[in-house]
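Residue-level listing of the chains:
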Amino acid sequence: MKTVIYCLLFLGAFAAQAQVLNSDAFEQRLKQTPNGQLVDVRTPGEFGGGHLVGANNLDYRNPAFLQTLATLDKAKPVFVYCLSGGRSSEAAKLMREQGFSSVYELEGGYLKWTTKLKPVEGVATDQSASGISQEQLNTILKNNDLVLLDFYAPWCAPCVKMMPTIDQLEKTYGAKLQVVKVNADANKALLQAYQVDEIPTLLLLKKNQTKQRLIGLQTAAYLTELIDQNIAK
C-alpha cells in the first residue's frame with residue numbers, strides 16, 4: 001500500500017512539474033490547442049509594451065484578479081506567463097486551486113520568449129531600423145581590430161535593458177572598439193550567417209576571429225573586463 005501511495009505522489013508531483021514548459025514546448029503546445037486561453041498576468045503597462053500574439057491581460061497584482069478569473073473557461077486549457085515566471089507561477093497555482101485542470105506556465109516568461117525570437121505583438125515598430133549587408137560588415141571587420149556585434153531587437157526586454165551598457169562601452173573605448181548594433185528584425189541574413197537564434201547575443205571579434213560569444217543579459221563589469229583583456233593582448 002505504501003508503495004502505491006508513494007508512486008501516486010511521485011506521479012502527481014511529476015504531472016505538476018510537467019505543466020511548466022520551456023518556450024519551444026509552450027509555443028508548440030499552444031499551437032496544438034485551438035481552444036487554449038493565453039493569459040498575460042503582467043501589469044497593463046508591461047502588456048502595452050509588447051505581448052505574445054493573442055494574449056489577454058489579467059493583472060495578477062490587481063486586487064480583483066481572483067474575480068477576473070471568472071472570465072476564463074475552467075474547462076479549457078490555460079497558458080499563462082509573466083515577465084520572468086514568478087507571477088505566472090503564483091497565478092497558475094491559484095488557477096488550479098480554483099478548479100482549472102489544465103494550466104501551462106511559460107518557463108522564463110516574456111523575457112525568455114523574446115530572447116528566443118518568438119513572435120510578439122503590440123510593440124512599437126522601429127522605423128529607423130536598417131539592414132547591414134555581409135559586405136558592409138566585412139569592411140568594418142577589416143578596418144577594426146576589435147569589434148563587438150550586438151544582436152538585439154527593440155521588443156526584446158533584456159536587449160533594451162543592456163543597451164545603455166553597450167552605448168557606454170562605445171563611448172568609453174572610442175577607436176579601440178567598434179560597436180555594431182545588429183537589429184534582428186532587419187538583419188535576418190546576418191543572424192543566420194552567425195548562427196544567432198537567441199538574443200541578446202554579443203560576439204566579440206578580434207582581427208575577424210570570434211573571441212567570445214555571449215548570450216543573454218551581461219553586466220558592464222564583465223564586458224569591460226573582457227574587452228580590456230582583448231585590448232591588452
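Now for a description of the structure that goes with this document. (Residues numbered from 1 in each chain as written. Predicted model: local features only at pLDDT ≥ 70, side-chain atom pairs only at ≥ 80, totals over all residues. Heavy atoms only, no water.)

1. Side note on the pairing of strand β6 (residues 103–106)
The alternating pattern of β6 places Val-103 and Glu-105 on one face and Tyr-104 and Leu-106 on the opposite face, and all of these are buried. The sheet contact formed by strand β1 (residues 20–21) and β6 spans two bridges and is parallel. Along β6, the bridge assignment pairs Leu-21 with Leu-106. With three bridges joining them, strand β5 (residues 78–81) and β6 adopt parallel strand pairing. (Buried < 20%, exposed > 50% of the residue type's maximum accessible area, 1.4 Å probe, protein only. Helix = DSSP H or I, 4+ residues; strand = E, 2+ residues; numbered from the N terminus. Pairing = 2+ DSSP bridges.)

2. Remarks on the packing of aromatic side chains
The description of an aromatic ring pair rests on the distance of the ring centres and on the angle between the ring planes. Tallied over the full model, the rule gives five aromatic pairs. Consider the rings of Phe-79 and Tyr-104, whose centres lie 5.0 Å apart with planes at 25 degrees: the pair is stacked. Highlighted residues: Phe-79 in strand β5 and Tyr-104 in strand β6, separated in sequence by 25 residues. The exposure class of Tyr-104 is buried, given its relative accessible area of 13%. Between the aromatic rings of Phe-151 and Tyr-194, the centroid separation amounts to 6.1 Å while the plane-to-plane angle is 50 degrees, which identifies the pairing as tilted. (Phe/Tyr/Trp six-rings, centres within 6.5 Å; stacked < 30°, edge-to-face > 60°.)

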